[in-house]
Amino acid sequence: MRDQPLILASLGTDHHPFPRLVRWLDAWATAHPEVRVLLQHGATPAPDIASGVEFLDHTELRAAMAEATAVVCHGGPATIMEARHAGHLPLVVARDPELGEHVDDHQFRFVARLDAAGVARACPTEDQLHAVLDKALAQPDEFRVPPGGAATVEAAGRAGELIDLLRPGARGTGTDGSDHSPAPATVPATVHTTEEPWPDVTVVVPTRDRPELLRHTLRSIVGQDYPGRVRTMVVFDHDDPDLSLADDDPERPVRVLRNTQQPGLAGARNTGILASGTELVAFCDDDDTWLPHKLRHQVELLHRDPNTDLVCCGVQVAYEDTEIDRVLHTGQVELRDLLESRLTELHPSTFLFRTDRLVHDIGLVSETIPGSYGEDYELLLRSARMGVVRNLPEVGARVLWHRNSHFSGRWGMISQALRWLLNEYPEFRLVPRGYARITGQVAFAEAGARRRLKALRWIARTLWARPVEPRAYLALAVSCGLPPRWVINALHRAGKGI
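Source: prediction; values computed, not measured.

Definitions and limits used
- Residues numbered from 1 in each chain as written.
- Predicted model: local features only at pLDDT ≥ 70, side-chain atom pairs only at ≥ 80, totals over all residues.
- Heavy atoms only, no water.
- Helix = DSSP H or I, 4+ residues; strand = E, 2+ residues; numbered from the N terminus.
- Buried < 20%, exposed > 50% of the residue type's maximum accessible area, 1.4 Å probe, protein only.
- Contact = heavy atoms within 4.5 Å.
- Areas by Shrake-Rupley, 256 points an atom, 1.4 Å probe, with all protein chains shown as cover.
- Pairing = 2+ DSSP bridges.
- Axes fitted to C-alpha atoms, helices over the stretch in contact; angles between N-to-C directions.
- Parallel < 35°, antiparallel > 145°, perpendicular 65-115°, else oblique.
- Left-handed = near helix turned anticlockwise from the far one by under 90°.
- Nonpolar A, V, L, I, M, F, W, Y, C, P; charged D, E, K, R; others polar.
- Phe/Tyr/Trp six-rings, centres within 6.5 Å; stacked < 30°, edge-to-face > 60°.
- Lys NZ or Arg CZ within 6 Å of the ring centre and 35° of its normal.
- Core = buried A, V, L, I, M, F, W, Y, C linked by side-chain atoms within 4.5 Å.

Draft legend 1. Seen up close, the overall build of the protein chain. Helices and strands together make up the secondary structure of the protein chain, namely 17 helices and 16 strands. Scored against the burial criterion, the 498 residues of the protein chain give a buried share of 54%. Of the contacts formed within the protein chain by residues at least 6 apart in sequence, a portion of 71% connects residues at least 24 apart. Approximately 21900 Å² of the protein chain is accessible, and the part contributed by carbon and sulfur atoms is 53%.

Draft legend 2. Region of interest: the pairing of strand E10 (residues 280–283). Burial of E10 is two-sided: the residues Leu280 and Ala282 facing one way and the residues Val281 and Phe283 facing the other way are all buried. Pairing between strand E7 (residues 201–207) and E10: four bridges, direction parallel. Of the residues in E10, the one forming a bridge with threonine 202 is valine 281. Examined bridge by bridge, E10 and strand E15 (residues 352–354) share three bridges and lie antiparallel to one another. Paired with valine 281 across the two strands is phenylalanine 353, which belongs to E15.

Draft legend 3. Spotlight on the packing of helix H13 (residues 411–424) against helix H14 (residues 432–448). The N-to-C vectors of H13 and H14 enclose an angle of 160 degrees; their axes lie 8 Å apart at closest approach. Accordingly, the angle class assigned to the pair H13 and H14 is roughly antiparallel. Pair H13 / H14 crosses with left-handed handedness. Where H13 approaches H14, its residues Trp411, Ile414, Ser415, Leu418, Arg419, Leu421 and Leu422 are matched on the opposing element by Tyr435, Ile438, Thr439, Gln441, Val442, Phe444, Ala445, Glu446 and Gly448. For the contact of H13 with H14, the residue count by class is 10 nonpolar, four polar and two charged.

Draft legend 4. Spotlight on the packing of aromatic side chains. A full pass over the atoms with the stated rule returns five aromatic pairs. Judged by centre distance (6.0 Å) and plane angle (85 degrees), the ring pair of phenylalanine 351 and phenylalanine 353 falls under edge-to-face. For the ring pair tryptophan 411 and phenylalanine 444, a centre distance of 5.6 Å and an interplane angle of 70 degrees mean the geometry is edge-to-face. Placement of tryptophan 411 in helix H13 and of phenylalanine 444 in helix H14 is noted, with a sequence separation of 33 residues between them. Within the aromatic cluster, the residues linked to one another by ring pairs are Phe283, Phe351 and Phe353. Here the guanidinium or amino end of lysine 294 rests over the ring plane of tryptophan 290, the centre of that ring lying 3.8 Å away. Above the face of the tryptophan 458 ring, arginine 461 is positioned so that its terminal group lies 4.1 Å from the ring centre.

Draft legend 5. Region of interest: the nonpolar core. Grouped together as the largest cluster of nonpolar side chains are 60 residues, with contacts concentrated most on Leu338, Phe353, Leu381 and Phe428. Residue contacts for phenylalanine 353: discarding those within four places in its chain leaves Glu279, Leu280, Val281, Phe283, Asp309, Leu310, Leu358, Ile362, Leu379 and Ser383. With 31 residues, the next largest nonpolar core counts Tyr226, Val230, Ala282 and Val317 among its residues.

Interpretation note: all reported values are geometric properties and have no functional meaning in isolation.
Below is the structure:
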């Protein structure tokens, strides 16, 4: 039995129960009987919900780490750095305060920073954790790091003590009731640390019939606190260019163009990309706005990681009188993540590319997708095929969703575009959750187009792939007469799409 691969998981020594992580590990262990899974439960009582997991206490932890193939940690700094000290790239699941696993979200923020820096691998969902564990078994060298020193572990332990002071009742108070607790430990933001000039950035803004919203968008781009030069390319599609928008400001110039590529959103984006001539190129839709820090923070991350070609960030979704923040709490996104979920947090108005890599390696925005529907998602998939997509776990843009969007009610075209996507990315068939998501969307579109027989066929295909896929049941309801617009409006109010 000792010859089996070993996966070690640590819940740390604090007093916050973490049964969710135990369930995730137990499900993986049950599916991999050839692997030993050990779980260190610290001060938390040994969970009794697992069947495929063995348990050990903290005194045995260090020896087990030396033997382990991979190490899974909670989001505490001491445990993470102890794993690195033993030569492992930690696979980290942060405790979620909304589930009662912690008192605040500092683990989410801390782990996202470490993931963005390549110090740890964030695994925010069960599927992501299972996929990374599979990869660790197949390619263990990718999850090894040079062992750290004892001083690093001690420093992380002190950081953990400071963070633990945030627990209710743990803060130190004087006899006068004043708070004498140390300030919470934080991870500093990235900085542009060399003397190299900030690279020029081109922002491509495709537009059509939105003059007032467009001007608001342009003001948010011009108002960036980015120290370098920012050029804006306003590309008019199916519309006469408004030359009054042009500006020859040397630091924030604005140029107005007509779409010279295939008519549609994809062609308009490509017109701006090909005319950019700068090291970096960003996208922004003509009804969205950027927060002042958005561009600077993304360029700092690109500068720190020369191998990154695309950086995204979170958004605030505004729909009618509802505003919801959508932030992905991980710094790294891989192809499997995007096959499983669209990850709407990664909105095209947050995309920042290295221009040369986009044009010559990843490729321009696809102009063959029917109606340009989902062109941003397809570009994300293609980027993830080439390498890792990076994400800043913070809101950088405000995204406006409309009741009557460009694609509203165009169900036949939407169905055609989604079927095109399934054909172009056969990888979906290897990920049942992602495949069912797309087929469920096709079913909903066919139901919306009142093609009931086709909708039922796609519903059956969806349920065969994943019986609990909710889009199949929504499509069935629409097939039975529920107006699709009611469903879309309800989802949009929750900051979601179909």
